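Listed here are the chains, written in short residue letters.
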Amino acid sequence: MEFLEVPLFDDDLYKMLVRLGINLLVVTLVVVLCYRRTVNSSRSFIFTFVLMNVMVFFVCFTLKKLELGLGMALGLFAIFAIIRYRTDTIRVKEVTYLFIVIGIAVINALSNKKTSYAELMFTNGAIITVTFFLEQVLTVAKFSKQDLIYDKLALLNPDKRSELIADIEARIGIRAEKIKVSKIDLMKGTASLTVSYRE
């Protein structure tokens, strides 16, 4: 049954739903098990990761029926490579996770009859396992950064480093490992500091 020479139903709908289910399961595990457990994870990025993954999945699954070649796939990656979010600076880790969720969507959408479900599940499982291993096991000593406005400019002297560290630790309750002075405002008598501390 067709409408304007376009079929109203196609068996590929079932394939799409199964692959979409696998895709959503995998991206959820990556985001929840790996990214969300990090201290510096951002809810806004979780929103971006999931929606980017779903959008890329549908784009790839739809374009797959047009039998486009390798050139189209490379072109698609080139498009995503030039995407930049100009409102905020994105850390390398967020860019890496963005590439991971895009890769998951492409793998699950473009796999064909030559790829068994066992191979597909192994590939997705390997991505989850490697990401979790690198995030949780290898990153033993995790450091976070805290930006703050500091008002005691006299303590910024290199000779008073110990006093500076003691004052910052007393104020914000963390053990400072590294302190970087980003900006000094002599008019206001304040300085912008970036404090690195062990989680």
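See the structure above.
Residues numbered from 1 in each chain as written. Predicted model: local features only at pLDDT ≥ 70, side-chain atom pairs only at ≥ 80, totals over all residues. Heavy atoms only, no water.

Draft legend 1. Representation of the pattern of salt bridges. The full count for this structure, using the stated rule, is 3 salt bridges. As a salt-bridge pair, Asp151 and Arg171 come within 3.0 Å of each other at their nearest N and O atoms. In this pair, Asp151 sits in the loop between β3 (143-150) and α6 (161-172) while Arg171 sits in helix α6, placing the two residues 20 residues apart along the sequence. Looking at Asp151, the relative accessible area reads 46%, which means it is partly exposed. It is possible to trace a salt-bridge network through shared partners that takes in Asp151, Lys152, Asp167 and Arg171. (Salt bridge = Lys/Arg side-chain N within 4 Å of Asp/Glu carboxyl O. Helix = DSSP H or I, 4+ residues; strand = E, 2+ residues; numbered from the N terminus. Buried < 20%, exposed > 50% of the residue type's maximum accessible area, 1.4 Å probe, protein only.)

Draft legend 2. Representation of the packing of aromatic side chains. Overall, the coordinates contain 2 aromatic pairs when judged by the stated rule. Considering the side-chain rings of Phe57 and Phe58, the 5.6 Å spacing of their centres and the 75° angle between planes classify their relative orientation as edge-to-face. A relative accessible area of 0% means that Phe57 is categorised as buried. (Phe/Tyr/Trp six-rings, centres within 6.5 Å; stacked < 30°, edge-to-face > 60°.)

Draft legend 3. Spotlight on a nonpolar patch on the surface. Among the surface-exposed residues, Val130, Phe133, Leu134 and Val137 lie close enough to one another that they form a single nonpolar patch of about 340 Å² accessible area. One can find Val137 in helix α5 (residues 117-138). (Patch = residues over 30% accessible without salt bridge, like charges linked within 9 Å, V, L, I, M, F, W, Y side chains within 5 Å. Areas by Shrake-Rupley, 256 points an atom, 1.4 Å probe, with all protein chains shown as cover.)

Draft legend 4. Fine view of the side chain of Asp167. In this structure, Asp167 sits in helix α6. Apart from the residues lying within four places of it in its own chain, the contact partners of Asp167 are Tyr150, Lys152 and Leu155. (Contact = heavy atoms within 4.5 Å.)

Draft legend 5. How the structure looks around helix α2 (residues 43-64). Compared with an ideal rise of 1.5 Å per residue, which puts 22 residues at 32 Å, α2 spans 32 Å between its outermost C-alpha atoms and is within 8% of the ideal. For α2, the complete set of buried residues consists of Phe45, Ile46, Phe49, Met52, Asn53, Val54, Val56, Phe57, Cys60 and Phe61. (Expected span 1.5 Å × (residues − 1).)

Draft legend 6. Seen up close, the packing of α2 against helix α4 (residues 92-110). For the pair α2 and α4, interaxial distance at closest approach is 8 Å and the crossing angle is 30°. With respect to α4, the element α2 is oriented roughly parallel. Taken as a pair, α2 and α4 cross one another with a handedness that is right-handed. On α4, the residues touching Phe45, Phe49, Met52, Asn53, Val56, Phe57, Cys60, Phe61 and Lys64 of α2 are Glu94, Tyr97, Leu98, Val101, Ile102, Ile104, Ala105, Val106, Asn108, Ala109 and Leu110. (Axes fitted to C-alpha atoms, helices over the stretch in contact; angles between N-to-C directions. Parallel < 35°, antiparallel > 145°, perpendicular 65-115°, else oblique. Left-handed = near helix turned anticlockwise from the far one by under 90°.)

Draft legend 7. Broad picture of α4. Between its first and last C-alpha, α4 extends 27 Å over 19 residues, near the 27 Å set by a 1.5 Å rise per residue. Residues of α4 that are buried: Glu94, Tyr97, Leu98, Ile100, Val101, Ile102, Gly103, Ile104, Ala105, Val106, Asn108 and Ala109.

Draft legend 8. Up close: the nonpolar core. Residues Phe49, Val56, Phe57 and Tyr97 are the most contacted members of the largest nonpolar core, which totals 29 residues. Counting only elements with at least two residues in this core, the list comes to α1 (12-35), α2, α4 and α5. Residues Tyr150, Leu156, Leu164 and Ile168 belong to the second largest nonpolar core, which totals 14 residues. (Core = buried A, V, L, I, M, F, W, Y, C linked by side-chain atoms within 4.5 Å.)

Draft legend 9. Spotlight on the packing of α1 against α4. One can describe the packing of α1 onto α4 by two numbers: an axis separation of 9 Å at closest approach and a directional angle of 160°. In this view, α1 runs roughly antiparallel relative to α4, as classed from their interaxial angle. Between α1 and α4 lies a crossing of right-handed hand. For the pair α1 and α4, contact is made by Arg19, Ile22, Asn23, Val26, Val27, Val30, Cys34 and Tyr35 and by Glu94, Tyr97, Ile100, Val101, Ile104, Ala105 and Asn108, respectively. When grouped by side-chain class, the residues that make up the contact of α1 with α4 number 11 nonpolar, 2 polar and 2 charged. (Nonpolar A, V, L, I, M, F, W, Y, C, P; charged D, E, K, R; others polar.)

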